[in-house]
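# Structural overview for review
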Amino acid sequence: DAEIFKEYFTAVVEPKRGQTVRGLALNEDDLSIQIRDVKGSLRSFLKDDLKSARREPRSLMPSYAKRLSGAEIDVLVAYLRTLKGPPVAAAAGRRREPNHACSDAVCLDRIGRDAEERPDSLVNALEIVPGTVAAELGSGTGYFTWRLAERVGAAGKVFAVDTRQAMLDLTAETTRKHKLANVEFVLGRENDPRLPAAALDMVLIANSYHEFSAPEAMINAVKRALKPDGRLVVIEYADEHPDPADATEGMSAEQIRAEIEPLGFELDRVLDLMPTQHGLIFTLRP
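Everything in this summary refers to the structure shown in the same document. (Residues numbered from 1 in each chain as written. Predicted model: local features only at pLDDT ≥ 70, side-chain atom pairs only at ≥ 80, totals over all residues. Heavy atoms only, no water.)

## Examining the overall build of the protein chain
From N to C terminus, the protein chain includes eight helices and 12 strands. For the protein chain, with 286 residues in total, the buried portion stands at 45%. Taking contacts inside the protein chain between residues at least 6 apart in sequence as the whole, the part at least 24 apart equals 67%. Carbon together with sulfur atoms contributes 53% to the accessible area of the protein chain, which is approximately 15400 Å² in total. (Helix = DSSP H or I, 4+ residues; strand = E, 2+ residues; numbered from the N terminus. Buried < 20%, exposed > 50% of the residue type's maximum accessible area, 1.4 Å probe, protein only. Contact = heavy atoms within 4.5 Å. Areas by Shrake-Rupley, 256 points an atom, 1.4 Å probe, with all protein chains shown as cover.)

What follows is the structure, encoded as structure tokens:
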């Protein structure tokens with residue numbers, strides 16, 4: 001309970017009829033909520049059928065403070081850390097043939113994308129604090145940019161980066177619709193996002209890393225732009241669940257790690273809340 005991420009708060013759902021259900025919230029909107037209950041079953045509820053739905057800032061995991069000694073807990077935590085695996089060896093040069101199949105406004109703003117990608121759950125999981133300085137590489141139509149800008153608040157800032165001016169114009173239009181004035185629009189290059197040095201707390205690359213024609217140069221540029229405690233968040237469609245609109249572009253988590261970790265990053269967290277995508281959070285290696 002001491003350091004629990006909000007995505008793992010206990011969700012408590014009280015139906016108007018039937019028993020109270022506890023679990024982890026997977027997705028929620030104005031009309032419904034979906035949770036995985038304590039038995040591992042998926043449960044979906046319409047909010048009109050509920051007395052209440054709330055989050056409690058505690059974990060579903062039982063406490064072992066009285067069952068294990070301090071030394072035993074240290075051993076357990078050390079073991080759990082090994083499950084991330086050792087640093088991944090550098091990948092051989094991966095041939096990239098970007099096809100930009102899902103790079104127009106119609107695809108990027110398609111009906112059903114929210115259900116596929118759970119963007120609000122993702123942003124919640126990133127625990128962004130007001131005043132954060134962030135960037136999105138490949139801003140597209142601003143699908144994630146406006147959400148980041150909303151979270152960092154007026155004291156924060158978001159750099160929206162794209163290599164196409166037409167996409168930046170669409171991002172700007174989206175941020176205006178949401179009445180956000182804390183976004184700077186940057187026309188990047190194929191090998192350089194043109195971000196300020198050592199200035200960013202977080203860089204998000206969502207569904208665009210596979211399109212980088214010069215991935216090593218771009219990641220090195222990201223490294224230069226991050227503060228020492230900054231984070232790089234990479235979201236990509238899994239190779240076993242490729243984007244239906246861009247089916248040749250799925251990547252495995254191992255491919256992503258093998259390209260990024262040798263450049264001075266280490267895997268910090270894996271986000272498993274998206275049904276068809278990998279979510280990897282990297283930090284700079286000390």
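## Overview of the pairing of strand S8 (residues 183-187)
Here strand S7 (residues 157-162) runs beside S8; their pairing, made up of five bridges, is parallel. Among the inter-strand pairings, Val 161 is bridged to a residue of S8, identified as Val 186. Running through helix H6 (residues 165-177), the crossover from S7 to the neighbouring parallel element S8 is right-handed. (Pairing = 2+ DSSP bridges. Right-handed = clockwise from strand over helix to strand, strands pointing away.)

## Examining the nonpolar core
Counting residues in hydrophobic clusters, the biggest one holds 29 residues, and the most contacted among them are Leu 137, Leu 200, Val 203, Leu 232, Ile 260, Phe 265 and Phe 282. Among the secondary structure elements, those contributing two or more residues to this core are strand S6 (133-137), S7, strand S9 (200-206), helix H7 (215-225), strand S10 (226-237), helix H8 (253-260), strand S11 (265-271) and strand S12 (277-284). Leave out the neighbours within four places in its chain, and Val 203 touches Ala 135, Leu 137, Val 222, Leu 226, Arg 231, Leu 232 and Val 233. Listed in part, the 25 residues of the second largest apolar core include Val 123, Val 152, Leu 180 and Leu 204. (Core = buried A, V, L, I, M, F, W, Y, C linked by side-chain atoms within 4.5 Å.)

## With respect to the packing of aromatic side chains
Within this structure, the stated rule accounts for two aromatic pairs. Seen in terms of ring centroids, Tyr 143 and Phe 144 are 5.1 Å apart; in terms of plane orientation they differ by 90°. Their pairing is edge-to-face. Among the residues examined, Tyr 143 registers a relative accessible area of 10% and is labelled buried. Residues Tyr 209 and Phe 212 carry aromatic rings whose centres are separated by 5.6 Å and whose planes lie at 70° to one another, so their mutual orientation is edge-to-face. Overall, Phe 212 belongs to the buried group, its relative accessible area being 9%. (Phe/Tyr/Trp six-rings, centres within 6.5 Å; stacked < 30°, edge-to-face > 60°.)

## With respect to the pattern of salt bridges
A complete count under the given rule lists 13 salt bridges for this structure. Ionic pairing is found between Arg 43 and Asp 37, a salt bridge with its closest N-O pair at 3.5 Å. Measuring nitrogen to oxygen at the nearest pair gives 2.4 Å for the salt bridge that ties Glu 261 to Arg 257. When its relative accessible area of 2% is taken as the criterion, Glu 261 is described as buried. Of the residues examined, Arg 257 reaches a relative accessible area of 12% and is grouped as buried. (Salt bridge = Lys/Arg side-chain N within 4 Å of Asp/Glu carboxyl O.)

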